[in-house]
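# Residue-level structure breakdown
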Amino acid sequence: MTLFRSNPLLFIVFATLTSLLRSGELAASELDAAATQSPVEDQTVPAELRSEAPDSAAAEAALTALETVPASDAVRPGNVEPAVPLADAVTVAVGHAQPLSLLNATVPPGNYQRLSWIATQLFEGVPVAAPVLVVNGRLPGPTLCLTAAIHGDELNGIEIVRRVLHDINPQKLSGAVIGVPIVNLQGFRRASRYLPDRRDLNRYFPGNPNGSAASRIAFSFFKEIVSHCDALVDLHTGSFERTNLPQLRADLRDRDVVTLTQGFGAMVVLHSDPSPGTLRHAATAAGIPVVTIEAGGPSVLELAEVKHGVKGIETLLNSLGMIRKVRLWGDPEPIYYRSAWVRANQGGILLADVSLGSTVRKGDVLGTITDPMNNQSTPVYSAWSGRIIGMARNQVVMPGFAAFHIGIQADNAPAIVNADTDAVSHDEAGSNRDYVDGMSE
Ligand SMILES: [Zn+2]
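As the structure is a prediction and not an experimental result, all values here were calculated from the model. In this convention, every chain numbers its residues from 1, walking through the sequence in written order. Only residues with pLDDT of 70 or above have their local features reported here, since the model is predicted, and side-chain atom pairs are shown and tallied only from 80 upward, although totals for entire chains, interfaces and linings are computed over all residues.

With that settled, the discussion passes to the confidence of the model for the chain. For every residue, the predictor assigns a confidence score, pLDDT, that lies between 0 and 100. Here the chain averages 79 in pLDDT, and 72% of its residues register 70 or above. Counting contacts from residues 418-437, a segment whose pLDDT is below 50, to residues more than four positions away or on other chains yields 30 contacts. For the purpose of contact definition, each residue receives a C-beta atom placed from its backbone, and two residues are in contact when these atoms lie within 7 Å.

In structure tokens, the structure reads:
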């Protein structure tokens, strides 16, 4: 399959990158890091950025100076030099925006509608209808989908989708944005990661219309919504009392996915081979590039993480030329091609000595586990040098509990697999050997 021919978004993304390179707006080191797959050295990140959440107060203050452009200035064919880098890519989508047909409804250009996706039925036959927010722009362009709460206890993504969708003016949008704030409505109502049968919905994509309850829901979602997307951002948090530094999870062997990650600004990127059955795996295999945003932990709403996610997605929308809203980022964040978990070797009360974003060296003490019976404390040492990109909240743990997730800057980037022409083929045999339920999206 020739992705660029069959998928206009990919051409747009390609064109936008070309535009970026010309404009020099994206730091050369960032482009180099992504394009040549050589990791940005951690030393390029100032110490103050390593040890605190990226959305610091200073960064927020800088963000108040958002540049917005009146609709009348929207870049159209024939306009002079676009004020916003990448925006000229939208002009390749000639003609008028088309009505968007979705879920038995038609959303005219320049309109916002709330639709319903009937995921399944309750036992008494009552339909389970999840809201789907659709903004169809007045101007032509790609369709970007945002999905959240495939795991019903992951709340940050719900708020991220709400903020992004309700901040878009359909009159100023090029293309369409489809937002599904709560994919797993049944899990959400029970404050649970899982479906009522304790299946993880994000292990059943693309689904089967005659399969298990989870598989049928996955099939319906994939057919009714995902198939309409040119690209997709799936929002998650850590699981089981673990929290994640805001980061993109992406298969950096897939050129189209790499291109997508470059539109987000300076977010941490972790190379991650998607598990079979995840939405990311299934959609990417179907030619729809997907990245996952991990931000924060489950069961709570974390404002800093929400703001970080919103900022990343709005930067992507701007990069794709769909909106015109420049958000300012600090220094480029590293790309991590490897990661590893440090596990507890004793049972007891885990108290961390590090925080999300901390840079650590091999042998550093990350925390202690104290046996509440004999009062003996055991340090937890890091087996790697890198950065804390995820960690357990302070809690009672058993031996083997994955406590600290360390991003490691490897020398070798994964090789690009699809090389323009073929859909990525995932190396199932070598993937996710360390996979444990709940430790990936
Ligand atoms: Zn999740």
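Time to look at the packing of helix H6 (residues 156-166) against helix H11 (residues 303-319). Direction vectors running N to C along H6 and H11 enclose 45 degrees, while the axes themselves pass 9 Å from each other. Taken together, the axis directions place H6 and H11 in an arrangement best described as oblique. Crossing hand, H6 versus H11: right-handed. The segment H6 lies against H11, with Asn156, Glu159, Ile160, Arg163 and Val164 engaging Glu305, Val306, Gly309, Val310, Ile313 and Glu314. A breakdown of the residues in the contact of H6 with H11 according to their chemical character gives 5 nonpolar, 2 polar and 4 charged. To obtain an axis, a line is fitted to C-alpha atoms, over the contacting stretch when the element is a helix, and the angle between two such axes runs from 0 to 180 degrees between their N-to-C directions. Helix and strand labels come from DSSP, where a helix needs a run of H or I of at least four residues and a strand needs a run of E of at least two; each type is numbered from the N terminus. What sets the label is the angle itself: under 35 degrees gives roughly parallel, over 145 gives roughly antiparallel, 65 to 115 gives roughly perpendicular, and the rest give oblique. Whether a crossing is left-handed or right-handed is set by the direction in which the near helix is turned from the far one by less than a right angle, anticlockwise for left-handed and clockwise for right-handed. Each residue receives one of three labels: charged for Asp, Glu, Lys and Arg, nonpolar for Ala, Val, Leu, Ile, Met, Phe, Trp, Tyr, Cys and Pro, and polar for the others, Gly being one of them.

Here, any two strands with at least 2 DSSP bridges between them count as paired. If you walk across this open sheet you meet the 4 strands as E18-E17-E15-E20, and the pairing is antiparallel. Edge positions in the sheet fall to strand E18 (377-381) and strand E20 (395-397), since each has one partner strand and no second. Each strand of the sheet is rotated relative to its neighbour by a mean of 35 degrees, with strand direction disregarded. Sheet analysis places strand E15 (residues 348-352) next to strand E17 (residues 365-370), joined by 4 bridges and oriented antiparallel. Bridge pairing in E17 places Ile349 opposite Thr370.

Further remarks concern the environment of Gly357. The residue Gly357 is located in the loop between E15 and strand E16 (359-360) in this model. Note: C-alpha distance between Gly357 and Ile388 (31 residues apart in sequence) is 5.1 Å.

Residues in a regular strand project their side chains so that they alternate between the two faces of the sheet. Comment: burial labels come from other C-beta atoms within 10 Å of the residue's own C-beta, placed from the backbone, where a count of 20 or more is buried, 12 or fewer is exposed, and between is partly exposed. With 9 of 9 residues buried, strand E9 (residues 242-250) lies mostly within the body of the structure. Where E9 meets strand E19 (residues 386-392), 3 bridges bridge the pair, whose relative direction is antiparallel. Note on E19: the bridge partner recorded for Asn244 is Gly390. For E9 and strand E11 (residues 290-296), the ladder comprises 4 bridges, and the chain directions are antiparallel. Bridged to Asn244 within E11 is Gly296. Relative to strand E10 (residues 268-271), E9 runs parallel, the two sharing 4 bridges.

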